[in-house]
Amino acid sequence: MNILKVVLQSILSVAVLFILTRIMGKRSIHQMNLFDYINGITIGSIAAELATDLEEWEEPLTAMILFGLLTALIDWATCKSIPIRKFFNGKPVILYENDTILKENLLKVKIDLNEFLTQCRVAGYYDLFQLQCAIMETNGQISFLPKSDQRPVTPKDLSQKPEPETVFVSLIFDGKVLQQNLESFGKDMQWLRAELHTAGIGQISEVFFACCDACGNFRACRIPTPQKKKSIFEP
C-alpha cells in the first residue's frame, strides 16, 4: 500500500512541478539570476519530499505551489517595474575597461583575478589588451567587447551586401513528410519529389530529414545505411 502511495504522490509531484515550470517560464540555467536558481533548487527539494512523505503530503504540496507562484509573481513584477528588477536581479558590473582591470568591481561581484582571466581565456581572449571592456551580467555570465581592430571582419566592413538570411523549415522530419509545412511554402508532393530527384534521392522513404528556406534552398539527408565495422581493438 505504501508503494502505491509513493507512486501516486510521485506522479502528483511531477505533474505539479511541470505546471509550475511552465508558469515560471522557459529560461535555461545560464539565463537564471541567483534568486531564480535558488528558488528552482528549493522547489525541486520540496517536490522530492512530496513524493516520499507518506503521512503529511499536503504540506510539501502547499509549499511547492506557494514557492512556484511567488517566483512567478516576482518574475512578473520584475518585468513591469525597473526598481523591483534592480532589487531582485541587480545590475551589470563593468570588470575591465580601457586597458584597466577594475579591482573594486571584481571584489563587488566576488570573483578573483585568476577566475576573471580564466573566463577571458575561455571566451578566446588570451591577451587582455584585445578587449575594450568586460561586463558581469545579472545572470553571472561575463560578456566581452573586443576592440574595433580585434573583432571579426563583417560584410559591412568590406562594403558588401549579402542576401538576407532566411529560416529553414523542416519538410521531412524523421522520415515523415510534414504536409502542413510543405503547404505553407505553396508546394506539393510533386515539387518535393522533383527536389529530391535533383538531390540524387529517388524515394521519399530514403530521406531522414529535409528542409527548405524562403529562397528555395533545399537540403536533404538520407537515412544512414547500417554498416558493420570491425573494431580496431579486435584481433
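Residue positions within a chain follow its written sequence, with the count starting from 1. Residue-level local features of this predicted model are given only where pLDDT is at least 70; pairs of side-chain atoms are given and counted only at 80 or more, and the full residue set underlies all totals for whole chains, interfaces and linings. Side-chain measures were taken over the full set of non-hydrogen atoms in the model, leaving aside hydrogen atoms and water.

**Considering the pattern of salt bridges**
- Between Lys or Arg on one side and Asp or Glu on the other, a salt bridge is scored when a side-chain nitrogen of the former is within 4 Å of a carboxyl oxygen of the latter. As enumerated under the stated definition, the model contains two salt bridges in all.
- Between Asp-99 and Lys-147 there is a salt bridge, with its nearest N and O atoms 3.0 Å apart. With a gap of 48 residues between them, Asp-99 in the loop between strand E1 (93-97) and strand E2 (100-101) and Lys-147 in the loop between strand E4 (142-146) and strand E5 (169-173) connect regions that are remote in the sequence.
- Residue burial is assigned from relative accessible area. The probe radius is 1.4 Å, only protein chains are included, and a residue is buried under 20% of its type maximum, exposed over 50%, and partly exposed in between. For Asp-99, a relative accessible area of 36% puts it in the partly exposed group.
- A salt bridge links Glu-206 to Arg-222; the nearest nitrogen and oxygen atoms lie 2.8 Å apart. With Glu-206 in the loop between helix H8 (189-198) and strand E7 (207-212) and Arg-222 in strand E8 (residues 218-222), this pair connects stretches of sequence that are 16 residues apart. Each helix is a run of H or I in the DSSP string that is no shorter than four residues. Each strand is a run of E no shorter than two, and both are numbered from the N terminus.

**Points about the packing of aromatic side chains**
- Whether two aromatic rings pair depends on their centres lying within 6.5 Å, for rings of Phe, Tyr and Trp, where Trp uses its six-membered ring; planes under 30 degrees apart make the pair stacked, over 60 edge-to-face, and the rest tilted. Following the criterion strictly, the structure yields three aromatic pairs and no others.
- Ring geometry for Tyr-125 and Phe-144: centres 5.8 Å apart, planes at 40°, overall tilted. Here Tyr-125, found in the loop between helix H6 (113-122) and strand E3 (131-136), pairs with Phe-144, found in strand E4; they are 19 residues apart in sequence, far enough to count as distant. Judged on exposure class, the residue Tyr-125 and its partner Phe-144 are both buried.
- Considering the side-chain rings of Phe-173 and Phe-209, the 6.2 Å spacing of their centres and the 80° angle between planes classify their relative orientation as edge-to-face. Placement of Phe-173 in strand E5 and of Phe-209 in strand E7 is noted, with a sequence separation of 36 residues between them.

**Examining the sheet that holds E2**
- Any two strands with at least two DSSP bridges between them are considered paired. A sheet is described by the order of its strands in space; here four strands give the open sequence E2-E1-E3-E4, paired in antiparallel fashion. Each having just a single partner strand, E2 and E4 make up the two edges of the open sheet.
- The sheet contact formed by E3 and E4 spans five bridges and is antiparallel. From the neighbouring strand, Met-136 faces E4, where its bridge partner is Ile-142.
- By the convention used here, residues are in contact when the closest approach between their heavy atoms is within 4.5 Å. Each axis is a line fitted through C-alpha atoms, taken for helices only over the stretch in contact, and angles between the N-to-C directions span 0 to 180 degrees. In this fold H6 packs onto E1, E2, E3 and E4, with an angle of close to 60° to the strand it touches most, E4.

**Considering H8**
- Within the span of H8, buried status applies to Trp-191, Leu-192 and Leu-196. Looking down the long axis of H8, one finds its buried residues gathered within 135° of arc, a one-sided arrangement. Seen from the open side of H8, the exposed residues pointing more than 90 degrees away from its buried face are Gln-190, His-197 and Thr-198.
- Buried residues belonging to H8 abut E5, strand E6 (176-177), helix H7 (179-184), E7 and E8.
- Positive backbone phi, approximately 85°, marks Gly-200, located one or two places after H8. Along the arc lie the directions from the helix axis toward the C-beta atoms.

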